[in-house]
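If you want the building blocks of each chain, they are given just below.
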Amino acid sequence: MSSDSTSPSRRRFLKLSLAVAPAAAAAGCGNGDRGTAAADDYRPAFFDAAEWTFLRAALARLIPADARGPGALEAGVPEYIDRQMATPWAHGQLWYMRGPFQPEAAATLGYQLRLAPREIYRLGIAEADAACRDRHGKPFAELAPAQQDAVLGQLEQGAIVFGALPSKAFFALLLGNAREGFFCDPQHGGNRGLAGWKLIGFPGARADFMDWVERDVAYPLPPVSIHGQRG
């Protein structure tokens with residue numbers, strides 16, 4: 001996945017993400033500015049070692065580094081997701097969490113699981129790794145890249161059946177958080193070095209760039225984070 005001809009996942013990810021980039025960049029659902037650690041120095045507060053290994057491996061396939069620039073790991077997306085696990089959102093405190101639940105209902109009817117995001121990650125990672133061991137004899141992180149891509153595609157389609165939750169719901173949460181982490185303001189742990197914003201030409205938290213919106217030229221200035229970091 002290092003060139004345009006071999007990066008379908010990255011192209012697809014970016015196509016789906018462009019519409020949500022400004023919202024994720026401006027807001028995020030993080031827990032304040034705790035600075036950013038180097039990708040290899042960060043120690044997760046929520047995920048255990050096996051879960052962290054899965055998360056990093058999956059994100060590396062969803063947003064791989066390539067000729068366009070850094071991927072999820074370099075941009076701090078795993079750190080972003082780990083930070084979210086301490087928020088009221090991850091505990092399910094922002095949603096109506098009483099039944100009845102209809103997991104197969106249309107998305108327009110709202111969230112339809114009794115599980116909070118923290119529980120979805122914990123159960124989903126365990127079930128995904130168990131399925132990989134059952135089918136391939138190894139956990140997800142030890143599979144070849146092509147096998148990892150195939151597993152992620154099967155999770156997206158619900159072709160791998162979980163016992164505790166729909167596999168599609170786990171994949172949707174993982175992909176959604178990956179988008180957020182790649183395009184959020186760096187204060188939330190992701191978008192390290194403003195990698196996501198530079199990739200799509202988003203100016204970030206600049207005071208005024210609206211006069212450039214209708215011009216058919218690239219915005220000439222680098223992005224700026226909420227706290228003044230420049231790309």
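Residues numbered from 1 in each chain as written. Predicted model: local features only at pLDDT ≥ 70, side-chain atom pairs only at ≥ 80, totals over all residues. Heavy atoms only, no water.

**Considerations on the nonpolar core**
- Core analysis: the largest hydrophobic core is formed by 48 residues, its most contacted members being Phe47, Leu59, Ile81, Tyr121, Leu155 and Phe170.
- Looking at this core element by element, the count peaks at eight residues for helix H7 (residues 167-183).
- The residues touching Phe47, leaving out its near neighbours within four places in the chain, are Trp52, Leu55, Ile81, Asp82, Met85, Tyr121, Arg122 and Ile125. (Core = buried A, V, L, I, M, F, W, Y, C linked by side-chain atoms within 4.5 Å. Buried < 20%, exposed > 50% of the residue type's maximum accessible area, 1.4 Å probe, protein only. Helix = DSSP H or I, 4+ residues; strand = E, 2+ residues; numbered from the N terminus. Contact = heavy atoms within 4.5 Å.)

**Observations regarding helix H5 (residues 117-136)**
- Taking 1.5 Å as the rise per residue, H5 with 20 residues should run 28 Å; its terminal C-alpha atoms sit 27 Å apart, in good agreement.
- Here H5 has its buried residues at Pro117, Ile120, Tyr121, Gly124, Ile125, Ala128, Asp129, Ala131 and Cys132. The buried residues of H5 occupy one face: seen down the axis, they fall within an arc of 160 degrees.
- Of the surrounding secondary structure, the elements contacted by the buried residues of H5 are helix H3 (49-62), helix H4 (77-84), helix H6 (145-157) and H7.
- Phi turns positive one or two residues past the end of H5, at Gly137, with a value near 80 degrees. (Expected span 1.5 Å × (residues − 1). Arc of directions from axis to C-beta.)

**Thoughts on the layout of surface pockets**
- In this structure, the largest pocket spans a volume of roughly 590 Å³.
- As for the largest pocket, its lining consists of 26 residues, and the residues nearest its centre are Pro103, Leu113, Lys168, Ala169 and Ala172.
- For the lining of the largest pocket, the element with the most residues is H7, which contributes seven residues.
- In terms of residue class, the lining of the largest pocket is made up of 19 nonpolar, four polar and three charged. (1 Å grid on protein atoms, 1.4 Å probe; cavity = no way out; pocket = protein on both sides within 12 Å on 5 of 7 lines; lining within 4 Å. Points joined across faces, edges and corners; volume = space filled by probe spheres on them. Nonpolar A, V, L, I, M, F, W, Y, C, P; charged D, E, K, R; others polar.)

**Focus on the packing of aromatic side chains**
- Inspection of the entire model under this criterion finds twelve aromatic pairs.
- Geometrically, the ring pair formed by Trp95 and Tyr111 is tilted, given 4.3 Å between the ring centres and 35 degrees between the ring planes. Here Trp95, found in the loop between H4 and H5, pairs with Tyr111, found in the loop between H4 and H5; they are 16 residues apart in sequence, far enough to count as distant.
- The exposure class of Tyr111 is partly exposed, given its relative accessible area of 27%.
- Through pairs of rings, three or more aromatic residues link up here, namely Tyr42, Phe46, Phe47, Trp52, Phe54, Tyr121, Phe140, Phe162 and Phe170.
- Geometry around Phe46 places Arg122 over its ring, the cationic atom sitting 4.0 Å from the centre. (Phe/Tyr/Trp six-rings, centres within 6.5 Å; stacked < 30°, edge-to-face > 60°. Lys NZ or Arg CZ within 6 Å of the ring centre and 35° of its normal.)

**Remarks on the packing of H5 against H7**
- At a minimum axis distance of 9 Å, the contact between H5 and H7 shows a crossing angle of 115 degrees. One finds that H5 runs roughly perpendicular with respect to H7. Along this stretch, H5 crosses H7, giving a crossing that reads as left-handed. Counting all contacts with H5, which are made through Pro117, Ile120, Tyr121, Gly124, Ile125 and Ala128, the residues of H7 involved are Phe170, Leu173, Leu174 and Asn177. (Axes fitted to C-alpha atoms, helices over the stretch in contact; angles between N-to-C directions. Parallel < 35°, antiparallel > 145°, perpendicular 65-115°, else oblique. Left-handed = near helix turned anticlockwise from the far one by under 90°.)

**Topic: the confidence of the model for the protein chain**
- On average, the protein chain scores 84 in pLDDT, and the residues at 70 or more come to 82%.
- Every residue in residues 1-6 scores below 50 in pLDDT, and together they form 15 contacts with partners more than four places removed in sequence or on other chains.
- Predicted confidence for residues 19-37 stays below pLDDT 50, and this span has 43 contacts to residues more than four positions away or in other chains. (pLDDT = per-residue confidence, 0-100.)

**Re the packing of H3 against H7**
- Following both chains from N to C, one finds H3 and H7 inclined at 70 degrees, their axes separated by 11 Å at the closest point. As summarised for this structure, H3 and H7 are arranged roughly perpendicular, according to the angle between their axes. Residues Phe54, Leu55, Ala58, Leu59 and Leu62 of H3 touch H7, and the partners they reach there are Phe170, Phe171, Leu174, Leu175 and Ala178.
- Classifying every residue of the contact of H3 with H7 gives ten nonpolar, no polar and no charged.

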